[in-house]
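Secondary and tertiary structure notes
For reference, the chains in residue letters:
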Amino acid sequence: MTADRWGEIGSRALDRVWDWLSVTGLPIALWIVGGILAAEAVDWVLARFERRVTDPKRNEDAIVLAEEAKHRRALLQVVRWTIIAIIAIVVALRTLTLLGIPLTGLVGPGAVLGAALGFGAQRVVQDLLAGFFIVTEKQYGYGDLVRLVLTGGVVEEGHVEDISLRVTRLRSTDGELITVPNGQVITAINQSRDWARAVVDIVLAEGSDLSLVNEKLIKSGEAFQADKRFTSLLLDAPAPLGVTDMAADSYTVRVVARTLPGKQFQVSRDLRIFLIKDLRKAGIAVRSGYNPETPETEE
């Protein structure tokens, strides 16, 4: 074969490549780039909307705003990925059409693939359905402190860092990131929904005047609520529930207080120190290992 013949074949091949790129390749590239830009635009718009609807500076009740903000954020996350998935499907279908692949010819293989996925991906479908109900029913949201009872009796506890239709991610007190499939959740215990309760048990020596103790605890609870360091964390003044346990040489008195969601542990720690100091100043013997001169450790 002569050089002229090779040159002619090469020229035709280049023409065909150029024709394919201009007629098919360029539109495919434009669709892909357009899909990526559309996904980025959706992400940007929803991120701005999320910051607006979860703005803590709005003049609303703190508890209502906190609960609504958590639900809105979870809902926006679901909407974000749904729209992005739709964009990806549209781009994929348009790409197949431009490549000359008839979509009707994919019905048969698609049915077989769908059946295979139906048998092999039951767990995924279960996770998605469970995640849908978790989000729509507002069982828990971002920042909530939850205890999840999973299949097999396994219990996971931590703050919700991320929630999607398929999984929930928790951050434990040890800093571990725990990923839980939503379909495995049997019971969800939300410890920071609407309000939380701080519980403090005070152990008193036998012979203490319980009437005097209750009177002092009520006054101390009111003083604790009036303290500007704690008033914003409390929904009502700490109040004694009375004796909850009796031993041979001691009594246990419980004090409770409603707090903002997630603040019960901080309030419990500070309230315990506050009450013990007040009781000891009043000459009431408290059987506790707490020493006012030594800072209390984290619970």
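Residues numbered from 1 in each chain as written. Predicted model: local features only at pLDDT ≥ 70, side-chain atom pairs only at ≥ 80, totals over all residues. Heavy atoms only, no water.

1. Points about the overall build of the protein
For clarity, the threshold we go by: Labels follow the DSSP assignment, with helices taken as runs of H or I lasting at least four residues and strands as runs of E lasting at least two, numbered in each case from the N terminus. Throughout this description, buried means an accessible area under 20% of the type-specific maximum (1.4 Å probe, protein chains only), exposed means over 50%, and partly exposed covers the range between. Contacts are residue-level and defined by heavy atoms, with any inter-residue pair within 4.5 Å sufficient. Accessible surface area values rest on a Shrake-Rupley calculation with a 1.4 Å probe, where residue burial reflects the displayed protein chains alone.
When helices and strands are tallied, the protein shows six helices and eight strands. When the helices and strands of the protein are listed from N to C terminus, the series reads α-α-α-α-β-β-β-β-β-β-α-β-β-α. Here the protein holds 299 residues, and 32% of them are scored as buried. Of the contacts formed within the protein by residues at least 6 apart in sequence, a portion of 62% connects residues at least 24 apart. A total of about 18200 Å² of accessible surface is found on the protein, and carbon and sulfur atoms cover 60% of it.

2. Overview of the environment of Val-42
Along the polypeptide, Val-42 turns up in helix H1 (residues 3-53). Under the relative-accessibility criterion, Val-42 is labelled buried at 18%. Taking C-alpha positions, Val-42 is 7.7 Å from Ile-84, a pair spaced 42 residues apart along the chain. If sequence neighbours within four positions are ignored, Val-42 has contacts with Ile-83 and Ile-87.

3. Examining the packing of aromatic side chains
Using the following cut-off: By convention, a stacked pair of Phe, Tyr or Trp rings (six-membered ring in the case of Trp) has centres within 6.5 Å and planes under 30 degrees apart, an edge-to-face pair has planes over 60 apart, and any other such pair is tilted.
Under the definition given, this model contains three aromatic pairs. Ring centres of Phe-132 and Phe-133 lie 5.4 Å apart, and the angle between their planes is 75°; on these two criteria the pair is classed as edge-to-face. Residue Phe-132 is classed as partly exposed on the basis of its relative accessible area, which comes to 43%. Centre to centre, the rings of Phe-224 and Phe-274 are 5.3 Å apart; their planes meet at 70°, and the pair counts as edge-to-face. Remark: Phe-274 occurs in helix H6 (residues 264-281) and Phe-224 occurs in helix H5 (residues 210-226); sequence separation between them is 50 residues. Residues Phe-224 and Phe-274 agree in their burial class; the two are buried. Taken together through their ring pairs, the aromatic side chains of Phe-224, Phe-230 and Phe-274 make up a single cluster.

4. A word on the pattern of salt bridges
The condition that has to hold: Here, a salt bridge means any side-chain nitrogen of Lys or Arg that lies within 4 Å of a carboxyl oxygen of Asp or Glu.
Taken as a whole and assessed by the stated rule, the structure comprises eight salt bridges. Taking the shortest distance from any N to any O, the salt bridge between Arg-80 and Asp-43 comes out at 2.9 Å. Of this pair, Arg-80 sits in helix H2 (residues 62-98) while Asp-43 is found in helix H1, placing the two residues 37 residues apart along the sequence. With relative accessibility at 32%, the residue Asp-43 sits in the partly exposed group. One salt bridge connects Lys-219 with Glu-215, and the closest N-O pair in it is separated by 3.5 Å. With Lys-219 and Glu-215 both in helix H5 and four residues apart, the pair spans about one turn of that helix. Looking at Lys-219, the relative accessible area reads 48%, which means it is partly exposed. On the basis of relative accessibility, which here comes to 44%, the residue Glu-215 falls in the partly exposed class.

5. Looking at the pairing of strand S8 (residues 250-259)
Our working rule: A pair of strands is labelled paired if DSSP reports no fewer than 2 bridges between them.
By the criterion of burial, S8 is predominantly enclosed, with eight of the 10 residues buried. The sheet contact formed by strand S6 (residues 196-205) and S8 spans 10 bridges and is antiparallel. By the bridge assignment for S8, Ala-196 is matched with Thr-259. Sheet analysis places strand S7 (residues 239-246) next to S8, joined by six bridges and oriented antiparallel. Following the sheet pairing, Pro-240 is matched in S8 by Val-255. Counting the residues that bridge the hairpin from S7 to S8 gives three residues.

6. Points about H6
In plain terms, the rule: Each residue after the first adds 1.5 Å to the expected span of a helix.
Between the first and last C-alpha of H6 there are 25 Å, a value that for 18 residues agrees with the 26 Å anticipated at 1.5 Å per step. Taken residue by residue, H6 has Gln-264, Val-267, Ser-268, Arg-269, Leu-271, Arg-272, Ile-273, Phe-274, Leu-275, Ile-276, Asp-278 and Leu-279 as its buried positions. Structurally, H6 contributes buried residues whose contacts are with strand S1 (145-150), S6, H5 and S8. Just downstream of H6 lies Gly-283, where phi reads positive at about 80°.

7. Section: the sheet that holds S6
The line we're drawing: Geometry is summarised by axes, namely lines fitted to C-alpha atoms with helices restricted to the contacting stretch, and by angles between N-to-C directions that run from 0 to 180 degrees.
Pairing within the open sheet is antiparallel, and its three strands lie in the order S6-S8-S7. Two strands bound the open sheet, and with one partner strand each, they are S6 and S7. Geometrically, the sheet is characterised by an average inter-axis angle of 25° between neighbouring strands, direction not taken into account. With respect to the sheet, H6 is in contact with S6 and S8, its orientation differing from that of S6 by roughly 30°.

8. Brief notes about the environment of Leu-30
Positionally, Leu-30 belongs in helix H1. Here Leu-30 falls in the exposed class, since its relative accessible area comes to 55%. C-alpha separation for the pair Leu-30 and Val-91, spaced 61 residues apart in sequence, amounts to 9.9 Å.

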